[in-house]
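The chain contents come next:
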Amino acid sequence: MPLELIKEVNGVPEVEPLNKLLKVDFRSLQPGCDYSKKYIQGKLSHISSLTYGGNRTAILKIGLQEQENSNSEINTINVLFFGKLAKDCAKVFYEGDTIAVAGFIVFSSSSSTSRDGEHCLFLKAFEDLKSTVYVYVKSVIDISTESMSLVPATRYVYTPLNELKGGMIVNVYGVVKFFKPPYLSRGTDYCSVVTIVDQTNAKLTCLLFSRNYEALPMIYKNGDIVRFHRLKIQVYKNETQGITSTGFASLTFEGTLGAPVIPRTSSKCFNLATEDHKMVETLRAWASTNISPSSTLVKLCNVQPMQYFDLTCQLLGKAEVDGASFLLKVWDGTRTPYPSWRVLTQDLVVYGDLSHIHRLQNLTIDILVYDNHVQVAKSLKVGSFLRIYSLHTKLQSVNSENQATLLALEFHLHGGTSYGRGIRVLPESNCDVDQLKKVLECANLTASQCSDGICQSEYEDSYPTSSGSVSLYEVERCQQLSATILTDHQYLENTPLCAILKQKTPQRYRIRAKLRSYKPRRLFQSVKLHCPKCHSLQEVPCEGDLDLILQKDATKTPDTKLQNTLLYDSKTWTTKNQGERKVAIHFVKNNGILPLSNDCLILIEGGTLGEIYKLANKFHSVIPVRSGQQDLELLDLSAPFLIQGKIHHYGCKQCSSLRPIQNLNSLVDKTSWTPSSVAEVLGIVPLQHVFVMTFTLDDGTGVLEAYLMDSDEFFHIPASEILTNDDLQQSMEMIMDLFCPPGIKIDAYPWLECFIKSYNVTSGTEQQICYQIFDTTVADDLS
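Residues numbered from 1 in each chain as written. Predicted model: local features only at pLDDT ≥ 70, side-chain atom pairs only at ≥ 80, totals over all residues. Heavy atoms only, no water.

(A) Up close: the pattern of salt bridges. Under the counting rule described, the total for this entry stands at 23 salt bridges. Between glutamate 441 and arginine 516 there is a salt bridge, with the nearest N and O atoms lying 3.0 Å from each other. On the criterion of sequence distance, the pair formed by glutamate 441 in helix H5 (residues 431–451) and arginine 516 in strand E25 (residues 507–519) is long-range, its members being 75 residues apart. Arginine 516 gets classed as partly exposed once you look at its relative accessible area, which sits at 25%. Arginine 581 serves as the salt-bridge partner of glutamate 611, at 2.9 Å between the closest nitrogen and oxygen. In this pair, glutamate 611 sits in helix H9 (residues 609–618) while arginine 581 sits in the loop between strand E28 (568–574) and strand E29 (582–588), placing the two residues 30 residues apart along the sequence. For glutamate 611, a relative accessible area of 16% corresponds to the buried category. When salt bridges that share partners are traced, they join Lys221, Asp224, Glu254, Arg264, Arg387 and Asp432 into one network. (Salt bridge = Lys/Arg side-chain N within 4 Å of Asp/Glu carboxyl O. Helix = DSSP H or I, 4+ residues; strand = E, 2+ residues; numbered from the N terminus. Buried < 20%, exposed > 50% of the residue type's maximum accessible area, 1.4 Å probe, protein only.)

See the structure below:
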């Protein structure tokens, strides 16, 4: 395993997996030696944030301090982890941990990607090198990964529910058939009742107690899957029951097929292995065909009188009515089929945004909660998302002096915990909350539209639905300036997205919409390399990969027969303490004369990435080369064919036909060295740095995803420079935050005016319609 966690008991490791390996002191490390059967060990002195290279390769840097030789001049060394190993280590590393690393490569800074010129050693470790990292931990860490093991692995045995007997302390899995949200018992503890079933069709009711509300299972609905550890089994009135015992622990999982296997728990220490994932997926599949889905969750638009149901909603306001009852004003974005009964509040202190409540009065209901639920209701925060269990409706006659008797729908949460009555706050990460937010956002905008007098009279009594999204603010659409502008085709009329989605391809449209979301969220991941000839897209190589490519060619000795030609003058030297590596630099002449360094192109053989970076800062351009049979030749096009300052120029492997370096002689101007000219004479089809993003656009009539591929026209930012320029990265982040502002609702987003074109994409036997943004750019006052 690439990453192993070694459990310590009273400071002593339970096992010693390093006995067969040779331990190495930091001061004896040298580049070029074989450390496949050796390891170093030390204390984690510092850890950097996880970063990503251009091809999304994860990189983690740590400092490891040797404990045995703390007085040595070399007692701290930097270690770089790459790929999946870096991601796994980032999850479990903490400063002060004891770490051992086996199977690594040692480099000096002159071979590193650093440009600071420091001369020190550092280590590289990654899975392809068969590196192994050992972390000494005092307890099981709440992490799970297939490439990680705990040594010795803690394996839990789970007992089927039909094999339980009184007196046993067991670990069980089950699907929730019934539950009561945690409530305060008659003593000092909170209590929760949970009934579970499994594939044996056996049923087990569990009485769970804890002084900590959050320590009880975080169950949100029937069908959730629970894992109980150290559950004590007892027999009461001839029925098997489960109760909490010392060390009881629980995890809860979403029971929906296909949902992520993410545990809900307040504990920070738990074990989740591959077997647990399999167990959850197995129970989900079984439950989907053997247990009827819960029908107790009902939307307000579907409620009926004399009904008990569960409601997912948002709290808009609250008020204390008297000592035994409490008022909650909630909504779920839909409207009840009957008028909702209102609690008189003129003598009450209502907490919440009264203007917001008034604007949503046709969508808000009043719920009266009683007795033991009052204390819970008082603690609720306005704006939180709730699930209210076993809510009761009934019709109430409302007399009016001016009109006939009306019927209004009342909502009550009665006292007690029978039938699972209770209130639970749902986290915003809950999938049901995510769906609710979309409905509320649509309903909120529709309510705003109506309150502004824009609704037509025939729709005044209509109910909002969950199918809409952004409301069509016709006044706003006329008054608000767009955050983008069109560079052509201004004669085209705007087309609503709902009409576009019904049209055949290919077509071109002008639209006005809002940016609901975009991908990727990490903007540096949007930069790709695009071939204008074959239209392929590829990742930008990261510095770690470039370093390996150049190191491979650095082992070859430059051919002296190819030096000092009519095209260039050559200089060579031998490096010290690096295996006497030979490096050759060829200075390209202009009409037989060497130009000044800021106009000079150099060719370098045997150079490392760090050396090339230094030369690129001094000379106009750098081309990495190697000795061929009859001439210098370019490296594999996995490496840049031209480096100018911080910008790397790449070529397409598939479309290029490489020519000898001597072809540079055909260039008349040997001082400008434009990438296109160099590429042409060397037979290279240059790749273009582009931004590749997906915009989810919403205009209130529909939602579609549009593809953006741009080099520098849309953002006014060169894609070739953004990876090495912090200011450009900040500018792009500011633009995207203006388009899609975090933390506010979509009705406050700016409008975007765009041209999009539709086209067909065939994958196998399936055809899909796609859309691409074109001839659109960011408004001048934003860029």
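Alright, that's what it looks like, and here's the rest.
(B) Main features of the nonpolar core. Membership of the largest hydrophobic core comes to 63 residues, with the highest contact counts inside it found for Phe695, Leu697 and Phe715. The residues contacting phenylalanine 695, other than those within four sequence positions of it, are Leu515, Ser517, Tyr518, Leu704, Glu705, Ala706, Leu708, Phe714, Met736 and Ile773. Counting residues in each nonpolar core, the second largest holds 34 residues, with Phe179, Ala202, Ile219 and Ala447 among its members. (Core = buried A, V, L, I, M, F, W, Y, C linked by side-chain atoms within 4.5 Å. Contact = heavy atoms within 4.5 Å.)

(C) Looking closely at the side chain of aspartate 699. Here aspartate 699 is to be found in the loop between strand E35 (688–698) and strand E36 (703–710). At 3.0 Å, the side chain of aspartate 699 and the backbone nitrogen of leucine 497 are in polar contact. A distance of 3.3 Å separates the side chain of aspartate 699 from the backbone nitrogen of glycine 702, its partner in a polar contact. (Polar contact = N/O pair within 3.5 Å; in protein donor to acceptor, adjacent residues only side chain to side chain.)

(D) Spatial organisation of the packing of aromatic side chains. Taken as a whole and judged by the stated rule, the model has 14 aromatic pairs. Ring centres of phenylalanine 228 and phenylalanine 248 lie 5.5 Å apart, and the angle between their planes is 55°; this geometry places the pair in the tilted category. Of this pair, phenylalanine 228 sits in strand E15 (residues 225–236) while phenylalanine 248 is found in strand E16 (residues 239–253), placing the two residues 20 residues apart along the sequence. On the basis of relative accessibility, which here comes to 19%, the residue phenylalanine 248 falls in the buried class. Taken together, the ring pairs in this structure connect Phe691, Phe695, Phe714, Phe715 and Phe739 into an aromatic cluster. Over the aromatic face of tryptophan 751 sits the side chain of lysine 514, whose NZ or CZ is 4.7 Å from the ring centroid. (Phe/Tyr/Trp six-rings, centres within 6.5 Å; stacked < 30°, edge-to-face > 60°. Lys NZ or Arg CZ within 6 Å of the ring centre and 35° of its normal.)

(E) Spatial organisation of the pairing of E25. The sheet contact formed by E25 and strand E37 (residues 752–763) spans 7 bridges and is antiparallel. If you follow alanine 513 over to E37, its bridge partner there is leucine 752. Relative to E35, E25 is paired through 5 bridges, and the arrangement is antiparallel. Within E35, the residue paired with tyrosine 518 across the bridge is phenylalanine 695. (Pairing = 2+ DSSP bridges.)

(F) Spotlight on the environment of cysteine 542. Here cysteine 542 lies in the loop between strand E27 (537–539) and helix H8 (543–554). Judged by its relative accessible area of 2%, cysteine 542 falls in the buried class.

(G) Just the packing of H8 against H9, in detail. Contact geometry for H8 and H9: axes closest at 9 Å, N-to-C directions at 105°. Here H8 is positioned roughly perpendicular relative to H9, judged by the angle of their axes. Judged by residue contacts, Glu543, Leu546, Asp547 and Leu550 of H8 engage Leu609, Ile612 and Tyr613 from H9. Taken together, the residues that form the contact of H8 with H9 break down as 5 nonpolar, no polar and 2 charged. (Axes fitted to C-alpha atoms, helices over the stretch in contact; angles between N-to-C directions. Parallel < 35°, antiparallel > 145°, perpendicular 65-115°, else oblique. Nonpolar A, V, L, I, M, F, W, Y, C, P; charged D, E, K, R; others polar.)

(H) Representation of unusual backbone geometry within the structure. The step from threonine 505 to proline 506 runs through a cis peptide bond, and the omega angle for that step is -10°. Among the structural elements, proline 506 can be located in the loop between helix H7 (497–500) and E25. Cis geometry marks the peptide bond from lysine 519 to proline 520; its omega dihedral reads -5°. Considering the arrangement of structural elements, one finds proline 520 in the loop between E25 and strand E26 (527–530). The backbone of asparagine 238 sits at a positive phi, close to 65°, despite the residue not being glycine. Mapped onto the elements, asparagine 238 comes out in the loop between E15 and E16.

Read these as layout, nothing more, since geometry by itself doesn't imply function.
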